[in-house]
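Residue strings, one per chain:
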Number of protein chains: 4
Amino acid sequence: MLTNLRARAAASARTVIDVADGVRIGDVELTVIAGPCSVEGPQMLLETARAVKGAGAVMLRGGAFKPRTSPYSFQGLGTEALELLVIARAATGLPVVTEVLDTRHVELVAAHADMLQIGARNMQNFALLAEVGCTRMPVLLKRGQSASVSELLFAAEHLMSRGNLNVVLCERGIRTFETATRNTLDVSAVPVLKAETHLPVIVDPSHAGGRAALVAPLALAAVAAGADGIIVEVHPDPAAAWSDGEQSLTLDGFEDLMRRLAPVARAVGRDAPWSTRSVAPARGAMPCSA
Amino acid sequence: MLTNLRARAAASARTVIDVADGVRIGDVELTVIAGPCSVEGPQMLLETARAVKGAGAVMLRGGAFKPRTSPYSFQGLGTEALELLVIARAATGLPVVTEVLDTRHVELVAAHADMLQIGARNMQNFALLAEVGCTRMPVLLKRGQSASVSELLFAAEHLMSRGNLNVVLCERGIRTFETATRNTLDVSAVPVLKAETHLPVIVDPSHAGGRAALVAPLALAAVAAGADGIIVEVHPDPAAAWSDGEQSLTLDGFEDLMRRLAPVARAVGRDAPWSTRSVAPARGAMPCSA
Amino acid sequence: MLTNLRARAAASARTVIDVADGVRIGDVELTVIAGPCSVEGPQMLLETARAVKGAGAVMLRGGAFKPRTSPYSFQGLGTEALELLVIARAATGLPVVTEVLDTRHVELVAAHADMLQIGARNMQNFALLAEVGCTRMPVLLKRGQSASVSELLFAAEHLMSRGNLNVVLCERGIRTFETATRNTLDVSAVPVLKAETHLPVIVDPSHAGGRAALVAPLALAAVAAGADGIIVEVHPDPAAAWSDGEQSLTLDGFEDLMRRLAPVARAVGRDAPWSTRSVAPARGAMPCSA
Amino acid sequence: MLTNLRARAAASARTVIDVADGVRIGDVELTVIAGPCSVEGPQMLLETARAVKGAGAVMLRGGAFKPRTSPYSFQGLGTEALELLVIARAATGLPVVTEVLDTRHVELVAAHADMLQIGARNMQNFALLAEVGCTRMPVLLKRGQSASVSELLFAAEHLMSRGNLNVVLCERGIRTFETATRNTLDVSAVPVLKAETHLPVIVDPSHAGGRAALVAPLALAAVAAGADGIIVEVHPDPAAAWSDGEQSLTLDGFEDLMRRLAPVARAVGRDAPWSTRSVAPARGAMPCSA
């Protein structure tokens with residue numbers, strides 16, 4: 001049934017998505033995207049952006065329009081946040097990904113961001129997929145919390161059938177009976193997707209686990225399973241975060257994650273350029289000499 | 001946490017939603033909504049509308065904009081379908097409910113329909129909820145396939161916090177491990193919701209079971225559990241339906257359902273005015289005299 | 001795949017299981033089994049047995065060996081409870097069903113009970129199924145909390161392939177993401193099983209909902225969907241129960257349930273002999289005259 | 001609630017289970033257990049045992065008593081298989097783990113094996129847990145397919161409260177809505193369990209993924225997430241296997257897995273003594289000198 005999908009064609013070849021400024025998702029280099037759940041103001045955004053860049057992130061995430069279960073929760077700073085993201089990009093050189101929630105905002109968000117995020121709750125918002133599919137912007141398509149792998153590929157097809165082939169898939173945990181974690185990271189989806197599609201696949205360990213202490217082990221697991229990158233929530237002061245504080249890493253926590261991630265990335269044949277420790281490539285013949 | 005929600009306030013009192021032309025959802029009379037999955041043309045729509053009215057339905061359903069897993073499936077006739085629904089209403093007197101998928105279509109759909117449907121896939125499309133919440137149109141809010149009861153009430157709150165209090169909740173099956181049915185009807189959600197909220201609760205047995213043979217037993221179960229109504233897919237020729245044929249009742253099948261539904265409705269104290277069979281009311285002392 | 005199973009053969013014919021003393025499960029008369037979760041002592045057991053019999057139950061349930069998540073919870077009175085069940089049967093005439101947990105106890109439990117229960121946690125305890133299959137005792141086989149319909153039928157086949165054809169299936173709720181109820185009653189399993197097998201199907205609304213307030217609506221839904229009976233937990237003082245108090249009905253609560261159940265049973269063509277209210281049969285031609 | 005469990009006490013300290021012949025699970029050295037799903041005969045068992053030992057496995061798995069969904073599937077060679085496992089141990093020096101299904105077989109299996117396996121379907125077979133808890137044999141306790149982390153710890157407590165403290169926990173995939181894999185590996189359970197208990201945690205990537213192609217990525221993910229070991233199904237000729245052939249690795253496939261596993265193990269600070277490739281330790285400052 002899935003054989004004729006654009007996401008399937010030539011699954012043996014790998015597609016690399018060229019986001020901006022040299023950031024290429026799906027290449028041998030592991031892609032790390034980091035930043036706050038929500039953009040809360042200029043200072044926290046800049047501080048986070050600089051810190052995550054220093055630790056090795058190559059893209060900045062940050063929510064401007066926030067989908068929230070309750071209408072009384074913080075809904076994001078909207079356009080103001082978009083402008084702050086532009087400033088942070090100018091200051092750090094990090095391309096920016098942010099979520100778009102409404103067909104009427106696609107043009108606005110596209111004018112500010114380098115990559116549009118379709119959130120899990122909107123994975124089957126087909127009007128939004130169609131509108132984003134009509135741009136040529138790189139898209140980060142998150143798997144719905146109860147979407148099957150097949151439905152994720154069909155959602156990608158909604159984008160690709162409109163002409164937008166720049167799709168990156170993101171596993172972020174599925175809903176199961178288990179309540180020990182916010183969601184259940186379906187780490188198997190990584191190799192399944194890598195076999196079923198030529199598109200890059202990244203993982204969001206923050207939403208999957210829902211707790212800061214789980215981010216590192218899940219990120220390592222995702223990379224070991226073959227993910228092309230990770231997207232991580234980081235906040236200068238998680239306890240004071242306006243949203244998702246429980247699952248946000250501190251700046252130090254993110255640096256520690258990056259330190260632990262590099263050897264795992266290399267162990268599965270990935271480049272981890274943020275780390276200068278010399279380690280023999282996982283599949284090379286030569287022992288390390290440093 | 002949920003205590004301050006508008007959907008919760010005075011849960012002991014029941015809210016009745018006045019749709020149009022005397023159709024009141026949440027009252028003692030059981031509400032039956034029926035019609036085709038998609039509006040496919042004038043003839044099939046009129047034929048279906050007349051038949052379901054004859055059998056006792058008081059509202060007509062029919063998809064104009066269809067959310068479809070695959071972009072290559074039939075996406076609905078759009079505006080043309082809306083106009084056909086208006087014609088069918090004029091011909092039969094049945095108020096019309098149809099789904100709206102896109103914030104930009106809310107005004108258009110509201111101009112044609114009597115009730116707006118938020119589909120399961122869009123239950124957490126908060127931009128759409130906000131836009132629909134800004135109308136005062138009756139809304140049929142379907143539970144997302146992996147939404148908890150709590151999340152459904154919060155979705156209602158997104159509508160109600162904008163001022164639209166005319167919300168009817170709809171259980172339509174949740175996603176579980178079981179593959180013998182399309183979804184798993186969470187019939188418990190009916191009494192749970194009736195205890196948690198003052199809003200009317202109806203059930204969609206067609207999407208829950210996914211097969212015509214399951215529609216009647218699930219509809220009966222829903223009503224026995226306390227549902228205020230059901231919404232059922234009916235098609236003059238299910239085998240030729242452009243969508244959801246497998247779960248659509250034939251016109252005869254719908255009539256048979258209505259015949260079986262009446263005594264169950266009465267057994268739990270509901271009026272079933274389409275049925276003239278005289279049966280003693282379930283909780284009354286007096287035999288019926290009609 | 002399932003076509004050759006004994007549980008499938010001649011699914012069009014219905015099998016009636018003759019338990020004892022005229023109790024026949026699967027016949028036109030709805031079967032109501034009731035009693036305490038655990039046998040806690042002679043007095044509470046007798047009091048419950050007499051009350052449920054008075055309200056219309058035709059069999060007594062009561063746990064002697066209890067499967068408990070924690071090893072520090074009450075594990076049942078064991079042999080002593082079996083003897084108390086025998087006394088209660090003698091006093092009331094109600095045949096007894098109780099759970100067997102261990103292959104080494106099958107003979108013992110079979111010597112005291114009229115029907116052996118295989119609990120949800122043991123649905124795929126194949127050693128136990130084999131041992132119970134070697135008796136000819138009626139068996140109440142509960143669906144595992146994450147067992148598919150197909151796996152339930154295969155579990156029945158483990159019993160039937162040993163020669164024990166006296167199998168009654170029991171839907172008791174499955175595990176899903178929803179936490180508003182203890183389990184999610186899969187009411188669709190009733191019509192699905194009725195179509196797939198000739199065996200009787202009953203429903204346990206107590207374990208499904210996990211709360212006393214949900215027992216009646218779920219019992220009514222089960223019967224409306226076609227169940228051949230229900231099995232309900234009842235306790236003279238639920239707040240003081242040693243297990244499952246939260247989901248146990250009081251004696252009055254059970255009587256109320258039976259009063260509400262009768263018209264629903266009749267509405268779907270079942271006999272409800274405990275109720276003397278005269279109501280025309282659901283499929284008869286005659287209006288009621290009372 | 002869980003705070004007083006023996007599995008919880010001193011969760012900060014790590015328990016190492018001493019199985020036999022120097023095999024210690026939970027130590028710095030990663031433990032790899034491998035072997036056929038079922039013991040099918042002497043030759044295939046010896047061939048597999050020698051091959052997996054050569055590739056670095058330190059324990060042999062092999063089913064003697066098999067829990068099978070259908071009573072018509074191969075149920076294991078029973079006692080004959082136990083004797084073959086003893087022979088294979090003598091020939092290779094590999095300690096043996098095999099499943100016990102029936103309380104009446106505990107003594108028999110314990111007399112032949114070095115470690116008793118409680119399978120996923122029996123995780124809440126409390127009679128079996130009690131009987132195995134009365135031995136002092138090392139136990140491999142598999143998580144039930146819909147058991148929560150909390151229930152798994154309580155199952156361990158059933159063993160430990162009887163005095164058997166030699167418990168190793170095993171995550172092997174849970175049942176979810178996703179059908180692309182046999183089960184969904186809950187890789188998050190590894191760090192969650194490591195935080196909640198002092199017991200060793202291993203992962204079964206074979207049953208989790210259900211396909212040979214997924215075994216390696218899932219094994220790598222498990223180890224990256226912190227698992228103390230893996231248990232893998234291997235068969236000389238998977239296509240001809242009497243059970244679980246689809247998910248069994250060939251002998252070459254297992255060797256390849258071990259080659260890929262070593263650098264990941266080292267990247268997270270584990271010893272992988274089967275691999276002689278010199279790689280700097282993941283967290284050390286010193287380059288390797290070998």
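Remember, predicted model here, so these are calculated numbers, not experimental data. (Residues numbered from 1 in each chain as written. Chains lettered and ligands numbered in written order. Predicted model: local features only at pLDDT ≥ 70, side-chain atom pairs only at ≥ 80, totals over all residues. Heavy atoms only, no water.)

**Digging into the interface of chain D and chain C**
The test is simple: Residues count as neighbours in contact if any of their non-hydrogen atoms are within 4.5 Å of one another. Reported buried area values correspond to the accessible surface (1.4 Å probe) lost by two parts on association, with both partners' losses combined. By definition here, a salt bridge exists when the distance from a side-chain nitrogen of Lys or Arg to a carboxyl oxygen of Asp or Glu is within 4 Å. Distance and chemistry together define a polar contact, namely a pair of N or O atoms within 3.5 Å, with one atom able to donate a hydrogen and the other to accept it when in protein, and with adjacent residues in sequence counting only for side-chain atoms on both sides. A helix here means a DSSP run of H or I that spans at least four residues, while a strand means a run of E at least two residues long, and both kinds are numbered starting from the N terminus.
The interface of chain D with chain C comprises 30 residues on the first partner and 30 residues on the second. Buried area between chain D and chain C, summed over both chains or domains, comes out near 2,500 Å², and the portion from carbon and sulfur atoms is 48%. Contact with chain C buries surface across chain D, with Thr 69, Tyr 72 and Arg 104 of chain D losing the most and accounting together for 20% of the total. Our count for the contact surface shared by chain D and chain C stands at 4 salt bridges. Arg 104 of chain D serves as the salt-bridge partner of Glu 131 of chain C, at 2.9 Å between the closest nitrogen and oxygen. Taken together, the connections running from chain D to chain C amount to 24 residue pairs in polar contact (both at pLDDT 80 or more). Those elements that provide at least two residues to the side of chain D that touches chain C are helix H4 (126-133) and helix H5 (149-160) of chain D. Looking at which element gives the most residues to the side of chain D that touches chain C, the answer is H5 of chain D, with 4 residues.

**So, the relation of the copies chain D and chain C**
To keep things clear, this is the line we draw: C-alpha atoms of residues with pLDDT of at least 70 in both copies form the basis for the least-squares superposition of the copies.
Under the fitted operation, chain D is carried onto chain C by 0.0 Å of movement along the axis and a turn of 180°, and the coordinates agree to an RMSD of 0.0 Å. Overall, the copies show the geometry of a two-fold rotation axis. Residue Ser 146 of chain D of chain D places its C-alpha closer to the rotation axis than any other residue of that unit, at 3.0 Å.

**Overview of the pairing of strand E5 (residues 96-99) of chain B**
Residues and elements named next belong to chain B. The criterion, for reference: Think of it in three bands: residues with accessible area under 20% of the maximum for their type are buried, residues over 50% are exposed, and the middle band is partly exposed, with areas taken using a 1.4 Å probe on protein chains only. At least two bridges found by DSSP between two strands are what make those strands a pair. If the strands point away from the viewer and the path from the first strand over the helix to the second runs clockwise, then the crossover is right-handed.
Alternating positions in E5 separate into two faces, Val 96 and Thr 98 on one and Val 97 and Glu 99 on the other, with burial throughout. Alignment of strand E4 (residues 59-61) against E5, held across 2 bridges, turns out to be parallel. When the bridges of E5 are listed, Arg 61 appears paired with Val 97. In this fold, the crossover linking E4 to E5 by way of helix H2 (residues 79-92) has right-handed handedness. Bridging between E5 and strand E6 (residues 115-118) involves 3 bridges; their strand directions are parallel.

**Structural notes on the pairing of strand E6 (residues 115-118) of chain D**
All names here are of chain D. Residues Met 115 and Gln 117 of E6 are buried on one face, and the alternating residues Leu 116 and Ile 118, pointing to the opposite face, are buried as well. Between strand E5 (residues 96-99) and its parallel partner E6, the chain crosses via helix H3 (residues 106-112), and the hand of that crossover is right-handed. Sheet topology places E6 next to strand E7 (residues 139-142); 3 bridges connect them, and they run parallel. Its bridge partner lying in E7, Leu 116 is registered against Val 139.

**Some details on the environment of Ser 148 of chain A**
Among the structural elements, Ser 148 of chain A can be located in the loop between strand E7 (139-142) and helix H5 (149-160). Placed 129 residues apart in sequence, Ser 148 of chain A and Val 19 of chain A show a C-alpha to C-alpha distance of 26 Å.

Limitation: the analysis is restricted to geometry and does not speak to function.
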